[in-house]
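Letter by letter, the chains look like this.
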Amino acid sequence: MMAEQISSDYFNCSLCTELLRDPVAIPCGHSFCMDCISGYWNEADYTGIYVCPQCRITFTQRPVLRPNATLTKVAEKIKKTGLNLNLMPASNGSYAGHGDVPCDFCTGKKLKAVKSCLNCLASYCEKHLKPHYESTTFKRHKLVDVLLNLDRKICPQHQKSLELFCRTDQMCICAICTVSEHKGHDIVSAEAERSEKQKLLGVSQAEIKQKCQQRTKELEELKTDVDSLKSSAQRAMVESKKMFDEMITSIERMRSEVTKLININEKAAFSQAEGLMERLEQEIDELKKKETGLKQLYSTEDHIHFLQNFNYLCTPTDDGFIPKVSLNPDFSFSAARKAVAEIKERLEELGKEELRKISKSVNEVPVYTVENRSKEKSIRVKEVHTVDSAPPAEPKSRSEFLKYYCQLRLDPHTAHKELYLSEGNKKVIRTRDLQPYSDGPERFDSFAQVLCRDALSGGRFYWEIEWSGEFSIGVAYRGISRKGKGSLCLLGYNDKSWSLLCSDSGYSAWHNRVDKAVSGPHSSRIGVFLDYSAGILAFYSIGETMTRLYRFEATFTEPVYAGFGVGTSVKICQLK
């Protein structure tokens, strides 16, 4: 009966949707769990604006929470009796998952938000959205589809809603900004500025569509050209291999002919020499036999035997029968060796000369051309790239450096909470008050540092900054440490960054915790030149003259981001 006579709303906390625990009342009369309303208002401490989650009445000071004795007793009695009041019907919504926007009013496991309120700067699930539809208090509130990062709708300097637009600085501002930082500027309402800019959307969309179609066509043409280039290269390799194989075959044939000629002459010479040697050996045998017979005849005592054999043994040998043979001193196979050596040298010289001609003819033909698309110039300047084209000389004068000027902007997601960004994220000031930035993996949490959002790689870049107070300037890989108080998070104190430390007393260059003293004229403006491909990072003092302070030489293996360690203030200069 009790459940039928008393509405469950009396015992329901609208934040946790459960039975009230330690009920407390706020000045507007609504009651909540002590922990729920305390946690809810803790999140609003940085704005100083406290809102009732039910009626949305705003309190400029945090109300004192007073225990609701009656509801406390009722809640204790319900717990003891175990009465099931079915206080909250099951929600039709689903819990917020990865990528969803959670309801700002759910406690515990949050439901997925279905709408965001631009007046409340909060997102609501279906249940907590009902007051906006049912109560006249919220009839002027503007509901939109769910938005992320509603905190970006609040001025980081004054904690007020961003409702105006400064055309002078091209940024959204709050009402207080009009009488402080943006006093005297060209200021209009956000709605009026959106109306003006929305007129340009159609033109921009048509231009983007046309550019997209043009780039798509260029991409297809480039793919076709690349395929043609591949086919041409493959065909050249096949035909070159075939001709080299034919040349190798020709040389093999020449080698075979020379080898055959040497073998024939060698065999003929040996054949002739063998016949002569055989006849000489036979004559030597006959002479040795006569010599033995003469010795025996000389010592014989038989006079008749002596006289009978004397004429035969003493007859002189016919020296003209067998010719005397000697090797012709003018004949040698060294002539053949010399001839082959000359062929080898001539082939090598010819090969080197022809290879130089081939290399020159191939490398001097542009592989591709790049046209700079410029709206300000009616004439397109072409840059020709070849396979071994020499890099352009390093700039010498400031006018040459300005050819590589690039417009950088600071990345607010990396800024330390003591850093306040302004002027379209081109200026950063160090403040004593912490800015209401959300925590994230990219934000520096211990050192007053900030990176730019532009990734620099594959070309030449130049920028200048104005500074005050001790500061550091340099570049870093995206993987530089952001968390913790260790020095590895500082620019120049690791192998992922290079920096120049500047102060009123002088300069020093830092990389991987190694510093080098730098001498040069003091200037409140520093120029930075990056030649990514050549691995050059140079810093210049900008005054009446441009003086190089230090030059790093490195091999960059991934894109780098310009970064600053801020002492007082840093401003990225607009050069064009």
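Residues numbered from 1 in each chain as written. Predicted model: local features only at pLDDT ≥ 70, side-chain atom pairs only at ≥ 80, totals over all residues. Heavy atoms only, no water.

A. Layout of the overall build of the protein chain. Within the protein chain, the regular secondary structure consists of eight helices and 26 strands. In the protein chain, which comprises 576 residues, the proportion classed as buried is 30%. Considering only intrachain contacts with a sequence separation of at least 6, the fraction spanning at least 24 residues in the protein chain is 54%. Surface exposure of the protein chain reaches about 38,200 Å², of which carbon and sulfur atoms provide 53%. (Helix = DSSP H or I, 4+ residues; strand = E, 2+ residues; numbered from the N terminus. Buried < 20%, exposed > 50% of the residue type's maximum accessible area, 1.4 Å probe, protein only. Contact = heavy atoms within 4.5 Å. Areas by Shrake-Rupley, 256 points an atom, 1.4 Å probe, with all protein chains shown as cover.)

B. Local environment of the environment of G563. In this fold, G563 is placed in strand β25 (residues 560-565). In contact with G563, other than residues within four places in its own chain, are V450, L451, S472, I473, G474 and L491.

C. Spatial organisation of a negative patch on the surface. A cluster of like negative charges, contributed by E278, E281, D285 and E286, occupies part of the molecular surface. Counting through the fold element by element, D285 comes out in helix α5 (residues 190-299). (Patch = residues over 30% accessible without salt bridge, like charges linked within 9 Å, V, L, I, M, F, W, Y side chains within 5 Å. Salt bridge = Lys/Arg side-chain N within 4 Å of Asp/Glu carboxyl O. Lys, Arg positive; Asp, Glu negative; His and termini not counted. Charge placed at Lys NZ, Arg CZ, Asp CG, Glu CD.)

D. The arrangement of the sheet that holds strand β5 (residues 66-67) in detail. With respect to topology, three strands assemble into an open sheet ordered β2-β1-β5, the strand pairing being antiparallel. Lying at the two open borders of the sheet, with one neighbouring strand each, are β2 (31-33) and β5. When strand β1 (residues 23-25) meets β2, the two strands line up antiparallel, connected through three bridges. Considered in β2, the bridge of V24 is made with F32. Along the sheet, helix α2 (residues 34-42) contacts β1 and β2; its crossing angle with β2, the most-contacted strand, is approximately 90°. (Pairing = 2+ DSSP bridges. Axes fitted to C-alpha atoms, helices over the stretch in contact; angles between N-to-C directions.)

E. Region of the structure containing the pattern of salt bridges. Taken as a whole and judged by the stated rule, the model has 19 salt bridges. Residues K197 and E193 are paired through a salt bridge, measuring 2.2 Å at the closest nitrogen-oxygen approach. Here the residue K197 and the residue E193 both occupy positions in helix α5, the gap between them amounting to four residues, near one helical turn. With relative accessibility at 36%, the residue K197 sits in the partly exposed group. Residue K344 is joined to E348 by a salt bridge in which the shortest nitrogen-to-oxygen separation is 3.0 Å. With K344 and E348 both in helix α7 (residues 334-363) and four residues apart, this pair spans about one turn of that helix. Here K344 falls in the partly exposed class, since its relative accessible area comes to 48%. One continuous salt-bridge network, built from bridges that share partners, spans E394, R548, R551 and E553.

F. Representation of the packing of α5 against helix α6 (residues 303-313) within the structure. As a packed pair, α5 and α6 sit with axes 10 Å apart at the nearest point and diverge in direction by 155°. Here α5 lies roughly antiparallel to α6, going by the angle between them. The hand of the α5/α6 crossing is left-handed. Touching K290, G293, L294 and L297 of α5 are H305, F306, N309, F310, Y312 and L313, all from α6. When the residues that make up the contact of α5 with α6 are grouped by side-chain class, the tally is six nonpolar, three polar and one charged. (Parallel < 35°, antiparallel > 145°, perpendicular 65-115°, else oblique. Left-handed = near helix turned anticlockwise from the far one by under 90°. Nonpolar A, V, L, I, M, F, W, Y, C, P; charged D, E, K, R; others polar.)

G. Layout of unusual backbone geometry. Positive phi, normally seen in glycine, also occurs at D22, with a value near 50°. Summarising the element assignment, D22 is placed in the loop between α1 (2-5) and β1. You can call D22 exposed: its relative accessible area is 57%. A positive phi angle, close to 55°, is found at Q170, a residue other than glycine.

H. Local environment of the nonpolar core. Core analysis: the largest hydrophobic core is formed by 43 residues, its most contacted members being W463, I465, I473, L500, L537, F556 and F564. Discounting residues that sit within four places of it in the chain, L537 has contacts with V475, W498, V528, F529, L530, Y550, R551, F552 and F556. In terms of nonpolar packing, the next biggest core, distinct from the first, is built from 32 residues, I26, F32, I78 and C103 among them. (Core = buried A, V, L, I, M, F, W, Y, C linked by side-chain atoms within 4.5 Å.)

I. Local environment of the packing of aromatic side chains. Per the stated rule, a full pass over the model turns up 16 aromatic pairs. A centroid spacing of 5.0 Å and a plane angle of 35° characterise the contact between Y40 and F105, whose relative ring orientation is tilted. Here Y40, found in helix α2, pairs with F105, found in the loop between α3 (69-81) and β6 (115-117); they are 65 residues apart in sequence, far enough to count as distant. No difference in accessibility class separates Y40 from F105, as the two residues are buried. (Phe/Tyr/Trp six-rings, centres within 6.5 Å; stacked < 30°, edge-to-face > 60°.)

J. Structural context of the sheet that holds strand β14 (residues 419-422). Across the sheet, seven strands lie side by side as β14-β15-β26-β17-β22-β23-β24; this open sheet has antiparallel pairing. In this open sheet, the two strands that pair with only one neighbour each are β14 and β24 (546-553). Neighbour-to-neighbour, the strand axes of the sheet open up by a mean angle of 20°, direction not taken into account. Both strand β22 (residues 525-531) and strand β23 (residues 536-542) contribute to a ladder of six bridges, which runs antiparallel. Bridging from a neighbouring strand, F529 pairs with A538 of β23.

K. Quick look at the side chain of D531. Along the chain, D531 falls in strand β22. Classification of D531 by relative accessible area gives buried; the value is 7%.

L. Geometry of the pairing of strand β15 (residues 427-430). Summarising the sheet, β14 and β15 pair through four bridges and their orientation is antiparallel. Paired with L421 across the two strands is V428, which belongs to β15. In this antiparallel pair of consecutive strands, β14 and β15, the connection spans four residues, and E423 shows a positive phi of 50°. The sheet contact formed by β15 and strand β26 (residues 569-572) spans three bridges and is antiparallel. Paired with K427 across the two strands is K571, which belongs to β26.

M. Main features of the pairing of β24. Bridge count for β23 against β24 is seven bridges, and the pairing is antiparallel. Each residue of the ladder has a partner; that of I542, found in β24, is M546.

N. The layout of surface pockets, seen in detail. Each pocket or cavity is described by its volume, and for the largest pocket that value is around 2,000 Å³. Mapped onto the lining of the largest pocket, the elements with two or more residues apiece are β9 (164-166), β10 (171-173), α5 and β14. Ranked by residue count, the leading element in the lining of the largest pocket is α5, at five residues. (1 Å grid on protein atoms, 1.4 Å probe; cavity = no way out; pocket = protein on both sides within 12 Å on 5 of 7 lines; lining within 4 Å. Points joined across faces, edges and corners; volume = space filled by probe spheres on them.)

O. Inspection of the side chain of S523 at higher detail. With respect to the secondary-structure elements, S523 resides in the loop between β21 (514-518) and β22. In this structure S523 touches W467, Y507, S541, I542 and G543, once residues within four positions along its chain are discounted.

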